[in-house]
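# Geometric and topological summary
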Amino acid sequence: MSYTVGLPSLDRALGGLRGVVEAVGPPSSGKTTLCQHLLRHGGVYVSSEGRWDSTLAPGLVDEDQVLLIGGRSGEAILEAVALCLPDRVAVDPGSFLKPAEREGLRFWEHGEPGSRARLLAAGAGALARLCSQRGGVALFTQQTRENVGGWVSGRTKTAYGRGVEVAASCRLSMWRKGYLRRGHRKIGMRVHVRILTNLRRPPGQVVPLDLIWGKGFRESASLLDLALSMGTAGKDGHWYRFGDVRLGHGRDEACCRLEEDGGLLDELSEVVSLRR
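Residues numbered from 1 in each chain as written. Predicted model: local features only at pLDDT ≥ 70, side-chain atom pairs only at ≥ 80, totals over all residues. Heavy atoms only, no water.

### Some remarks on the packing of helix α6 (residues 219-230) against helix α7 (residues 251-260)
A packed helix pair is summarised by two numbers, namely the angle formed by the two axes and the spacing between the axes. Here α6 crosses α7 at 110 degrees, and the two axes come no closer than 9 Å. Taken as axis vectors, α6 and α7 run roughly perpendicular relative to one another. Like other packed secondary-structure pairs, α6 and α7 cross with a definite hand, here right-handed. Residue-level inspection shows S220, A221, L224 and D225 of α6 in contact with α7, the latter providing R251, A254, C255, L258 and E259. Tallied by class, the residues present in the contact of α6 with α7 amount to 5 nonpolar, 1 polar and 3 charged. (Axes fitted to C-alpha atoms, helices over the stretch in contact; angles between N-to-C directions. Helix = DSSP H or I, 4+ residues; strand = E, 2+ residues; numbered from the N terminus. Parallel < 35°, antiparallel > 145°, perpendicular 65-115°, else oblique. Left-handed = near helix turned anticlockwise from the far one by under 90°. Contact = heavy atoms within 4.5 Å. Nonpolar A, V, L, I, M, F, W, Y, C, P; charged D, E, K, R; others polar.)

Take a look at the structure:
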């Protein structure tokens, strides 16, 4: 069984999620909001840093789905994730998973080079085997950081290197491309998602998404982009149309029309699903 995010354009490019999934990107690129969209119909959100911001996208995830286990060792967090399978589990952020402290070592010796990568590689491999047996999906998020001496090994890096990459069935790279404005006021940002690795569909695709602050990713904008790429919807200059219906002048007005008219949104979604 595979799971969907609820964003038509991204779901079509991914072909469903199953197993271990990794989403990397700089701060404020929509990784946590992507976790909430995955868990909107059930699942467990594991906060490895022990905090939860309920104002980020209210209505997507209930507080009963949030598991705050900050301050524990990485082994304990991975065991809690394994108990949640088969279901949807999001570990945010993955960089807080640290090996348990061993006796006889000084406090600065616990962060030996490669310890997090080895922990995540072993844990992700075990979770991938559990997902293949029981089903379910485990999503890990990770921030990219600027790498000193990037002319040799790349401009960015993650805290645990390639620990999850070896077992991930899908890897996503997310970054902010620009801001969304309504008049002179910023209402959100444009996020691009690049599919780095995918075992179900060809990788390398870049999917643009609209993130509205306080609401989450805009499903109507994702559906409109997919309809335009398939030829189901069209544009006459700046006017968007669906068949003989004019949706609006400009992207934001067309999305608002789809959100206000539920019947029109369902009709467009049905036509797009039939043409997939």
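### So, the layout of surface pockets
Considered as a void within the structure, the largest pocket measures approximately 660 Å³ in volume. Lining the largest pocket are 27 residues, with T32, R51, L56, D92 and Q143 sitting closest to its centre. Listed by contribution, the elements that provide at least two residues to the lining of the largest pocket are α2 (31-38) and β10 (206-212). Top contributing element to the lining of the largest pocket by residue count: α2, with 3 residues. Its residues assigned to classes, the lining of the largest pocket shows 10 nonpolar, 9 polar and 8 charged. (1 Å grid on protein atoms, 1.4 Å probe; cavity = no way out; pocket = protein on both sides within 12 Å on 5 of 7 lines; lining within 4 Å. Points joined across faces, edges and corners; volume = space filled by probe spheres on them.)

### Notes on the sheet that holds strand β12 (residues 234-236)
Strand order in this open sheet of 3 strands is β12-β13-β14, and the pairing throughout is antiparallel. Either end of the sheet is taken by a strand with one partner, and the two such strands are β12 and β14 (245-249). Averaged over all adjacent pairs, the angle separating strand axes in this sheet is 30 degrees, with direction ignored. In this sheet, strand β13 (residues 239-242) lies alongside β12 in antiparallel orientation, the contact comprising 3 bridges. Its bridge partner lying in β13, G234 is registered against R241. Its contacts with the sheet place α7 against β13 and β14, and it is angled at close to 130 degrees to β14. (Pairing = 2+ DSSP bridges.)

### Regarding the sheet that holds β10
Read from one edge to the other, the open sheet built from 9 strands follows the order β3-β2-β4-β5-β1-β8-β9-β10-β11, with strand pairing classed as mixed. Every other strand in the sheet has two partners, leaving β3 (66-68) and β11 (216-217) as the edge strands with one partner each.

### Regarding empty space enclosed by the protein
Under the counting rule described, the total for this entry stands at 1 cavity of 30 Å³ or more. One number sums up the size of the largest cavity: a volume of about 30 Å³. Residue classes in the lining of the largest cavity are distributed as 6 nonpolar, no polar and no charged.

Honestly, that's just the spatial picture; any functional story needs more than this.
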